[in-house]
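# Remarks on the overall topology
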Amino acid sequence: MLDCTLRIDYPKFQLDVAFVVPRHSVYCLYGPSGSGKSTILAALIGLIKPTKSRIVYDGVLLQDDHGQKIAPWRRSFSMIEQVPKLFPHMTLAQNIAFAAGKRTLGDEEQKLIAQFDLTDRLRYKPHQLSGGFQQQGAFVRALATKPKLLLLDEPFFALDWQFKEQMIRLFAAYREQNPVTTIFVTHDLREAQRLADRIGILQDGRILRDDRMDAVFSQPQTMPIAKQMGYTSFLSAEKYQHPGQQYLAIHPDRLIVRKKGIEENGILLGGTIVAMTAREGFYRIEIQLELGDHVQATVRHEHTYSVGEKVVVDLGKAVYVV
């Protein structure tokens, strides 16, 4: 388990956070650019000296206000960043063997390489590999060190969507057999939902909420957190007959849209489609409700809608926020 308290003072920014990462879990630091996510990882791995700190891993004090108790290179932490940083003069096999502290690859490394589908690329140097395969190699090299804590700083950011899907699938499969305590930085909600057990919502150097991933998504509680969770529409609760509440928050993936005339039970409102945008595998549609407000919904490509069409929306999965 990692127990971390950090404060870092900059001239125009202060990071002040405290969080706990249970053993073998994935903890996601999620938030917009400039909120302090990567700064936390840099402090954990020893690249930044905090103003105040207390870092304890599995009961061992690594660092406090009096300085480092255990040097960064003795902490058994590994970090993977957006850009793979393989040694350019080494082949992929040599990179991995070096990380494992061996002259040649052993059975454990070969098994790890096979798990990440890199067996046929071991003889190549980084410049001979695509960016995606370089990042795959960076994952294997980091895991070959058998880290106590794995730090992921937006490692899927530069990958195209096909390679990203493949990498997330490979890493998730690896963790099923080899659970490793992980801190995962991202501002991609779908990545967080697929990998994280817990999430810390970070904004302006503070953690707004620390909870289970599913709890934060389904009950964001406040408008700032709801916006970070991808909720795009906020209706006056009183206007829509929910007295005693401030806002109804609506996530486009949870708003049910039906064609006019297909009536079912629920909190149903009429509206008109005013805009449609094609996305990867779905449409994002904007609907003007009869009371004048606009809401957004996600619909799959197989559902046929058009701008100007009258529809019915079901607000049954809207949540209250303040």
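Computed from a predicted model, the values in this text were never measured in an experiment. (Residues numbered from 1 in each chain as written. Predicted model: local features only at pLDDT ≥ 70, side-chain atom pairs only at ≥ 80, totals over all residues. Heavy atoms only, no water.)

## Side note on the packing of aromatic side chains
The test is simple: For Phe, Tyr and Trp, where Trp contributes only its six-membered ring, two rings pair if their centres lie within 6.5 Å, and the inter-plane angle classes them as stacked under 30 degrees, edge-to-face over 60, or tilted in between. Numbering of helices and strands starts at the N terminus; helices are DSSP runs of H or I of at least 4 residues and strands are runs of E of at least 2. Three labels apply to residues, based on accessible area from a 1.4 Å probe with only protein chains included: buried if under 20% of the type maximum, exposed if over 50%, partly exposed otherwise in between. Remark: a charge is flagged as sitting over a ring if the NZ atom of Lys or the CZ atom of Arg is within 6 Å of the ring centre and within 35 degrees of the ring normal.
This structure, assessed with the given rule, holds 10 aromatic pairs. When the ring of tyrosine 57 is compared with that of phenylalanine 77, the centres are 5.9 Å apart and the planes differ by 70°; the resulting orientation is edge-to-face. Taken as a pair, tyrosine 57 in strand E4 (residues 52–57) and phenylalanine 77 in strand E7 (residues 77–80) lie far apart in primary sequence, 20 residues in all. Owing to a relative accessible area of 6%, tyrosine 57 belongs among the buried residues under this scheme. You can call phenylalanine 77 buried: its relative accessible area is 11%. Measuring from centroid to centroid gives 5.8 Å for phenylalanine 139 and phenylalanine 156, while their planes differ by 15°, and the two rings are stacked. Within this pair, whereas phenylalanine 139 is found in helix H4 (residues 131–144), its partner phenylalanine 156 is found in the loop between strand E8 (149–153) and helix H5 (161–177), the two being separated by 17 residues in sequence. Accessibility classification places phenylalanine 139 together with phenylalanine 156 in one group, the buried group. Just above the ring of phenylalanine 234 sits the side chain of lysine 227; from NZ or CZ to the centre is 6.0 Å. For lysine 259, the ring lying beneath its charged end belongs to tyrosine 305, and the centroid distance is 4.6 Å.

## What about the sheet that holds strand E5 (residues 60–64)?
Working definition: the strands of a sheet are paired by backbone hydrogen bonds and lie parallel or antiparallel to each other. Stated precisely, the cut-off is as follows: For two strands to be treated as a pair, DSSP must find at least two bridges joining them. Only heavy atoms enter the contact rule, under which two residues are in contact if any of them lie within 4.5 Å. Simply put, an axis is a line fit to the C-alpha atoms, just over the touching stretch for a helix, and the angle between two N-to-C directions goes from 0 to 180 degrees.
Across the sheet, 5 strands lie side by side as E2-E1-E4-E5-E6; this open sheet has antiparallel pairing. A single partner strand is all that each edge strand has here, and the edge strands are strand E2 (13–21) and strand E6 (67–68). Sheet analysis places E5 next to E6, joined by 2 bridges and oriented antiparallel. Note that in E6 the partner of glutamine 63 across the bridge is glutamine 68. In the packing of helix H1 (residues 37–45) onto the sheet, contacts are made with strand E1 (2–10), E2, E4 and E5, and the angle to E1 comes to roughly 115°.

## Focus: the nonpolar core
Definition in use: Remark: nonpolar core denotes a set of buried residues (Ala, Val, Leu, Ile, Met, Phe, Trp, Tyr, Cys) joined through side-chain atoms within 4.5 Å.
The biggest cluster of nonpolar side chains holds 51 residues, and the ones touching the most others in it are Phe116, Ile199 and Met229. In terms of residue count, H4 provides more of this core than any other element does, 7 residues in total. Ignoring anything within four residues of it in the chain, the contact list for isoleucine 199 reads Tyr27, Cys28, Tyr30, Ala192, Arg209, Asp210, Asp211, Arg212, Met213, Val216 and Met229.

## Looking at the side chain of aspartate 314
Inclusion rule: Whenever a nitrogen or oxygen atom comes within 3.5 Å of another N or O atom, the pair is scored as a polar contact, on the condition that within protein one atom can donate a hydrogen and the other can accept it, and that pairs from neighbouring residues in sequence are kept only if both atoms are in side chains.
Inspection of the secondary structure puts aspartate 314 in strand E18 (residues 310–314). Classification of aspartate 314 by relative accessible area gives buried; the value is 7%. Of the polar contacts made by the side chain of aspartate 314, one reaches the backbone nitrogen of glycine 316; its length is 2.8 Å.

## Looking at the side chain of lysine 37
Within the secondary structure layout, lysine 37 lies in helix H1. Setting aside residues up to four positions removed in sequence, lysine 37 forms contacts with Leu29, Tyr30, Gly31, Pro32, Val185, Thr186 and Leu202.

## Some words on the state of the cysteines
Going by this rule: Only a pair of cysteine sulfur atoms within 2.5 Å qualifies as a disulfide here.
Counting across every chain of the model gives 0 disulfides. The thiol sulfur of cysteine 4 is not disulfide-bonded, and the nearest other cysteine sulfur, from cysteine 28, lies at 15 Å. Here cysteine 4 falls in the buried class, since its relative accessible area comes to 0%. Of the residues examined, cysteine 28 reaches a relative accessible area of 0% and is grouped as buried.

## Describing unusual backbone geometry
For residues other than glycine, phi is negative in most cases, and the peptide bonds are mostly trans. A positive phi angle is found at glutamate 154, which is not glycine, with a value near 50°. Along the chain, glutamate 154 turns up in the loop between E8 and H5. One non-glycine residue, glutamine 221, lies in positive phi territory at about 75°. Residue placement: glutamine 221 occurs in the loop between helix H7 (213–218) and helix H8 (223–228). Residue glutamine 221 is classed as partly exposed on the basis of its relative accessible area of 45%.

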